[in-house]
Amino acid sequence: MSGLAELASTALACTRCPLAGGRTTVVFGEGEPHAGLMVVGEGPGREEDLQGRPFVGRSGQLLDRLLAEEAGLERAEVYIANVVKCRPPDNRDPLPEEIAACRPFLDRQVALIAPRVVLTLGRFATQVLLDTTEGITRLRGRTYPFGAGGAVIVPTFHPAAALRGGGAVVAQMRADFVRARQALTSPRPPAGTTAPSGPPPATQGSLLSGSQGR
Ligand code: URA
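Keep in mind the model is a prediction, meaning the values are calculated, not measured.

Visitor: What should I look at first to understand the sheet that holds strand 1 (residues 30-31) in this one?
Guide: Backbone-to-backbone hydrogen bonds pair the strands of a sheet. The strands run either parallel or antiparallel. One open sheet holds the 6 strands; their spatial order is 1-3-2-4-6-5, and the pairing between them is mixed. Strand pairing shows two members of the sheet lacking a second neighbour, strand 1 and strand 5 (144-146), which therefore form its edges. Taken together, the 4 bridges between strand 2 (residues 37-41) and strand 3 (residues 79-82) define a ladder with parallel strand orientation. From the neighbouring strand, Val 39 faces strand 3, where its bridge partner is Ile 80. Against the sheet, helix 6 (residues 122-130) engages strand 2, strand 4 (117-121), strand 5 and strand 6 (151-156), with an angle of about 135° to strand 4. Where helix 9 (residues 167-185) meets the sheet, its contacts fall on strand 2, strand 4 and strand 6, and the angle it forms with strand 6 comes to roughly 170°.

The following block contains the structure:
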């Protein structure tokens, strides 16, 4: 059994947090196990909970489109996972203790896949992996070194925010997906690089704040 398959079977039996009680299925993640690009979302919604697959609802359709149109990648070429693997009731935000309980699964997925680029969708995935409380509007638009192997994080908005927010949000997401594509093909930054690259974050009032920018 591969490391990912073993990890998945552990996740499928997980009862580490109360989300286990309300789930239909565990949405472990799926995709190319040696992907250069790993996408990390927040947590399963209704469709994902029913099907056991990440990003298969409306957000997933937009994700697939942006991957194809801006990053030149088909869904099957990337690996897609979430911060929490079970659906929070009524699609509420995952609680800190639920995120903490699920964190070892995400960390192990990242370690096993060893992607060159992690594209974080929304506030939760970005804050968890960058270990920050800064908002997504200030975090996106740049590339952040991640881990010791020269990988980078490219934060962007959650597709659900784009579905609510319309063209302006989609345009910024398109730029971020292009950034992810560029990071995939650019030389790895030297070991020990810690500074983000790209323009400094916007200083004006944010287009999306709080859970809107999830
Ligand atoms: N939103 C997420 O964050 N993840 C999914 O898998 C689906 C919707």
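Right, picking up where we left off after that structure.
Visitor: What is the right way to read the packing of helix 4 (residues 58-71) against helix 9 from this model?
Guide: Axes are the key here: two packed helices are described by the angle between their axes and the distance separating the axes. The contact between helix 4 and helix 9 brings their axes to 8 Å, and the two run at 60°. Here helix 9 runs oblique to helix 4, going by the angle between their axes. In the crossing of helix 4 with helix 9, the sense of the turn from one axis to the other is right-handed. Residues Leu 66, Leu 67, Glu 70 and Ala 71 of helix 4 form the contact with helix 9, whose own contacting residues are Met 173, Arg 174, Phe 177, Val 178, Ala 180 and Arg 181.

Visitor: For this particular structure, what's the right way to read helix 6?
Guide: Each turn of an α-helix holds 3.6 residues, which means side chains three or four residues apart point in the same direction. Counting buried positions along helix 6 yields 7 of 9 residues, so the element is predominantly enclosed. Three or more residues of helix 6 are buried, namely Gly 122, Arg 123, Phe 124, Ala 125, Thr 126, Val 128 and Leu 129. The first or second residue beyond helix 6 is Asp 131, which carries a positive phi of 55°.

Cut-offs and rules
- Residues numbered from 1 in each chain as written.
- Predicted model: local features only at pLDDT ≥ 70, side-chain atom pairs only at ≥ 80, totals over all residues.
- Pairing = 2+ DSSP bridges.
- Helix = DSSP H or I, 4+ residues; strand = E, 2+ residues; numbered from the N terminus.
- Contact = placed C-beta atoms within 7 Å.
- Axes fitted to C-alpha atoms, helices over the stretch in contact; angles between N-to-C directions.
- Parallel < 35°, antiparallel > 145°, perpendicular 65-115°, else oblique.
- Left-handed = near helix turned anticlockwise from the far one by under 90°.
- Buried ≥ 20, exposed ≤ 12 C-beta atoms within 10 Å, placed from the backbone.

Remember, this is a structural readout, not a statement about activity or role.
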